[in-house]
Amino acid sequence: MISQEISIADIIRKQRAYFNTGQTKDINFRLEQLKTLKQAVTEQKDAITNALKADLNKPEFESYATEIGVIQEISHAIKHIKIWTKPKKAPVSLQFFPASARIYPEPLGVVLIIGPWNYPFQLMISPLVGAIAAGNCAILKPSELTPNTSRLLNEMIKQYFEPAYITVVEGGVQTSQQLLAEKFDHIFFTGGTAVGKIVMEAAAKNLTPVTLELGGKSPCIVDTDINIEHTARRITWGKFLNCGQTCIAPDYLLVDKSIKENLLNELHKCLQEFYGDNPAKSSDYPRIVNQKHFDRLAHFLKEGKVRIGGETNPSELYIAPTVLEDVSLTGSVMQEEIFGPILPVIEYTDITEAIDLINSKSKPLALYLFSNNKNLQQQVLQQTSSGGVCINDTVIQVAVSSLPFGGVGDSGIGKYHGKSSFDTFSHYKSVLHNPFWLDLKWRYAPYKDKLSTL
Ligand code: NAD
């Protein structure tokens with residue numbers, strides 16, 4: 001532990017020295033590093049897929065779409081970095097004439113990025129894109145629960161980047177806490193709400209700003225004015241992707257009573273279409289990350305009537321895609337983030353019941369609404385608060401670079417993706433420039449009689 005403490009302090013010292021050379025501020029340098037990152041991900045595709053398979057039994061297609069797909073985020077930054085880094089003119093009111101104003105984005109310095117296990121590759125690389133584009137040095141701490149991906153990230157970053165510029169520090173809670181005891185210029189954390197509070201407390205000791213990308217229970221409302229087949233397919237995909245271990249997966253369904261039976265029948269059909277009669281045999285269905293999470297999820301299965309699925313196999317950490325009915329609103333399955341392949345279904349007779357239930361809980365990371373009814377869409381948008389909303393689909397909002405991604409309230413602080421990632425890792429320095437050619441004296445003493453002229 002002591003040697004790691006020394007080496008962590010040493011890494012940070014070296015990164016500070018590197019940052020102080022000014023090299024990372026050069027826009028062409030940043031551009032080159034982004035290109036190198038893109039090259040690294042492209043060249044390591046197979047190794048990334050293999051690591052994700054070993055850690056989560058992630059199907060190759062899902063690894064490609066949801067992890068290696070981070071290449072899109074890198075390409076977006078490469079394309080826009082010159083515009084993002086340009087100082088922007090700001091208007092100045094006449095009373096300050098002839099002064100002019102500009103806002104200069106500048107890097108923060110040495111930043112720490114801590115990640116979770118569910119998308120263990122993408123959720124390290126995506127914030128790193130912002131850190132590089134904004135001109136920072138970075139230390140990455142991947143999740144210890146996905147050791148193969150953690151090792152791969154370490155080796156990949158070592159191979160393509162100078163350690164004084166970007167370094168991976170592998171380890172668990174203790175390592176994370178050793179890192180958090182140090183002074184950084186920004187901490188970017190993705191994980192659970194409980195650990196988010198620990199991170200923020202540690203950061204406060206050094207007055208380090210934080211971005212907290214946390215979790216929560218993302219509701220999914222289903223109204224009657226829908227295309228039921230498309231609705232069922234989109235919900236099934238978003239919920240059971242990565243075996244439900246997705247921070248923005250629909251956590252529970254709130255469905256209009258009159259359409260519930262039809263919807264559940266459609267969901268059943270979709271599950272058979274996606275994973276066959278026995279999802280345990282499907283190569284497209286992943287597994288739960290570890291025994292602890294398996295036990296947590298198995299407990300939820302006892303909290304309602306199993307309508308679809310419900311089968312488990314502890315030796316394989318397998319839990320079938322499951323739909324639960326008759327759940328109690330006060331039970332743990334409706335109080336805690338599920339983060340697994342279990343979908344409780346609650347019916348409502350009036351939309352206000354669904355809205356009231358959502359508003360009785362912490363603000364979620366995502367809210368899904370399936371409805372073509374424009375008035376209903378507006379009502380839900382105006383009467384609820386969530387990190388983001390997706391209407392008539394699930395999960396895909398996260399992949400749109402022009403949409404800032406983040407939570408609100410208990411689901412997080414701050415935003416990233418696209419330009420927002422650049423903003424997160426930048427300080428916007430306001431600069432006012434007053435030339436010498438004019439010096440109006442009205443603001444200077446003596447003030448005698450000047451007040452009456454204002
Ligand atoms: P977690 O909070 O347990 O762990 C995240 C990271 O924090 C890991 O690297 C871990 O080593 C470290 N950590 C754990 N305990 C710590 C402690 N006591 N002190 C310091 N560091 C500690 O989260 P997880 O289980 O890896 O991920 C699941 C959670 O992450 C879910 O709640 C999910 O909703 C959330 N999540 C959010 C997003 C998002 O973008 N908002 C994305 C993915 C996951």
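Residues numbered from 1 in each chain as written. Predicted model: local features only at pLDDT ≥ 70, side-chain atom pairs only at ≥ 80, totals over all residues.

Trainee: Got a sec to walk through the nonpolar core? Specific residues and values, please.
Mentor: Judged by nonpolar contacts, the single largest core of 109 residues is most densely connected at Val 111 and Ile 113. No other element matches the eight residues that helix 6 (residues 122-133) contributes to this core. Setting aside chain neighbours within four positions, we find Ile 113 in contact with Met 124, Pro 127, Leu 128, Ala 131, Ala 138, Leu 140 and Phe 188. (Core = buried A, V, L, I, M, F, W, Y, C linked by C-beta atoms within 7 Å. Buried ≥ 20, exposed ≤ 12 C-beta atoms within 10 Å, placed from the backbone. Helix = DSSP H or I, 4+ residues; strand = E, 2+ residues; numbered from the N terminus. Contact = placed C-beta atoms within 7 Å.)

Trainee: Tell me about the site of the ligand, and name the residues and values.
Mentor: The local shell around the ligand holds 28 residues, among which Pro 116, Ser 176, Gly 191, Val 195 and Gly 215 are the closest. Mapped onto the shell around the ligand, the elements with two or more residues apiece are helix 8 (173-180) and helix 9 (193-205). The greatest single-element share of the shell around the ligand, amounting to four residues, is contributed by helix 8. Along the lines of polarity and charge, the residues of the shell around the ligand split into 12 nonpolar, 12 polar and four charged. (Near = placed C-beta within 6 Å. Nonpolar A, V, L, I, M, F, W, Y, C, P; charged D, E, K, R; others polar.)

Trainee: Outline the UniProt feature "domain: Aldehyde dehydrogenase" (unreviewed entry) in the chain, supporting the account with residue identities and numerical values.
Mentor: Mapped onto this numbering, the UniProt entry annotates "domain: Aldehyde dehydrogenase" (unreviewed entry) at residues 8-431. Across residues 8-431, helical content stands at 42% and strand content at 18%; the span's end C-alpha atoms are separated by 35 Å. (UniProt positions renumbered as here; feature names shortened; annotations may be inferred.)

Trainee: Give a description of the UniProt feature "active site" (unreviewed entry) in the chain that names residues and reports values.
Mentor: Following the UniProt record, one finds the feature "active site" (unreviewed entry) at Glu 213. Its location among the elements puts Glu 213 in strand 7 (residues 210-213). C-beta crowding within 10 Å serves as the criterion here: with 26 such atoms nearby, Glu 213 is assigned to the buried category. Not counting residues up to four positions away in its chain, the partners in contact with Glu 213 are Phe 189, Thr 190, Gly 406, Gly 407 and Gly 412.

Trainee: Tell me what's going on with the sheet that holds strand 10 (residues 305-308), and back it up with residues and numbers.
Mentor: Spatially, seven strands are ordered 10-13-14-9-8-15-16 in an open sheet, and the strand pairing comes out mixed. With one partner strand each, in any of the chains shown, strand 10 and strand 16 (388-391) form the two edges of the open sheet. In this sheet, adjacent strand axes meet at a mean angle of 25 degrees when their direction is disregarded. When strand 8 (residues 219-222) meets strand 15 (residues 366-370), the two strands line up parallel, connected through three bridges. Looking at strand 15, one finds that Cys 220 is bridged to Tyr 368. Most of the contacts of helix 14 (residues 351-359) go to strand 14 (residues 342-348), to which it runs at about 135 degrees, and overall it touches strand 8, strand 9 (252-256) and strand 14. (Pairing = 2+ DSSP bridges. Axes fitted to C-alpha atoms, helices over the stretch in contact; angles between N-to-C directions.)

Trainee: Could you give an account of the pairing of strand 15, with specific residues and numbers?
Mentor: With five of its five residues buried, strand 15 lies for the most part within the structure. Side-chain alternation along strand 15 places Ala 366, Tyr 368 and Phe 370 on one buried face and Leu 367 and Leu 369 on a second face that is also buried. Pairing analysis gives four bridges linking strand 15 to strand 16, with the strands arranged parallel. Across the sheet, residue Ala 366 finds its bridge partner in strand 16, namely Gly 388. Taking the sense of rotation as the criterion, the β-α-β connection linking strand 15, helix 15 (residues 374-383) and strand 16 turns out right-handed. (Right-handed = clockwise from strand over helix to strand, strands pointing away.)

Trainee: Got a sec to walk through the packing of helix 5 (residues 71-85) against helix 6? Specific residues and values, please.
Mentor: Direction vectors running N to C along helix 5 and helix 6 enclose 20 degrees, while the axes themselves pass 10 Å from each other. With respect to helix 6, the element helix 5 is oriented roughly parallel. Classified by chirality, the crossing of helix 6 by helix 5 is right-handed. Contact residues: Glu 73, Ile 74, Ala 77, Ile 81 and Trp 84 in helix 5; Ser 126, Val 129 and Ala 133 in helix 6. Here the residues of the contact of helix 5 with helix 6 sort into six nonpolar, one polar and one charged. (Parallel < 35°, antiparallel > 145°, perpendicular 65-115°, else oblique. Left-handed = near helix turned anticlockwise from the far one by under 90°.)

Trainee: I'd like a rundown of helix 6, residues and numbers included.
Mentor: End to end, helix 6 covers 16 Å across 12 residues, agreeing with the expected 16 Å (1.5 Å per residue, within 8%). Of all 12 residues that make up helix 6, 12 are buried, and the element is covered over most of its length. If you check which residues of helix 6 are buried, you get Gln 122, Leu 123, Met 124, Ile 125, Ser 126, Pro 127, Leu 128, Val 129, Gly 130, Ala 131, Ile 132 and Ala 133. Gly 135 lies just past helix 6 and shows a positive phi near 95 degrees. (Expected span 1.5 Å × (residues − 1).)

Trainee: Which residues make up the packing of helix 2 (residues 27-43) against helix 5, and what values go with them?
Mentor: For any two helices packed against each other, one specifies the inter-axial angle together with the distance between the axes. As a packed pair, helix 2 and helix 5 sit with axes 9 Å apart at the nearest point and diverge in direction by 175 degrees. Considering the angle they form, helix 2 stands roughly antiparallel to helix 5. Facing helix 2, whose interface residues are Ile 27, Arg 30, Leu 31, Leu 34, Lys 35, Leu 37, Lys 38, Val 41 and Thr 42, helix 5 presents Ile 71, Ile 74, Ser 75, Ala 77, Ile 78, Ile 81, Lys 82 and Thr 85. In terms of residue class, the contact of helix 2 with helix 5 is made up of 10 nonpolar, three polar and four charged.

Trainee: An account of helix 10 (residues 228-240) is needed here, citing residue identities and associated values.
Mentor: The end-to-end C-alpha distance of helix 10 is 18 Å, a good match for the 18 Å that 13 residues give at a rise of 1.5 Å each. Thr 231, Ala 232, Arg 234, Ile 235, Thr 236, Gly 238, Lys 239 and Phe 240 are the residues of helix 10 that are buried. Tucked inside the fold, the buried residues of helix 10 contact strand 8, helix 11 (260-275), strand 14 and strand 15. Following helix 10 by one or two positions, Asn 242 adopts a phi angle in the positive range, close to 55 degrees.

Trainee: Can you lay out the environment of Asp 350 for me, pointing to particular residues and giving the numbers?
Mentor: Positionally, Asp 350 belongs in the loop between strand 14 and helix 14. Using a count of 10 C-beta atoms within 10 Å as the deciding quantity, one classes Asp 350 as exposed. Asp 350 sits 63 residues away from Ile 413 along the chain, and the two C-alpha atoms are 32 Å apart.

Trainee: Let's hear about the sheet that holds strand 1 (residues 88-90): which residues, and what values?
Mentor: Across the sheet, which stays open at both edges, the three strands sit in the order 1-2-18 with antiparallel pairing between neighbours. Whereas interior strands pair on both sides, the edge strands pair on one side only; in this sheet they are strand 1 and strand 18 (426-433). Across the sheet, the mean angle from the axis of one strand to that of its neighbour is 30 degrees, orientation sign disregarded. Of the strand pairs in this sheet, strand 1 and strand 2 (residues 100-107) are connected by three bridges, and their pairing is antiparallel. For Lys 88, the partnering residue across the bridge sits in strand 2 and is Ile 103.

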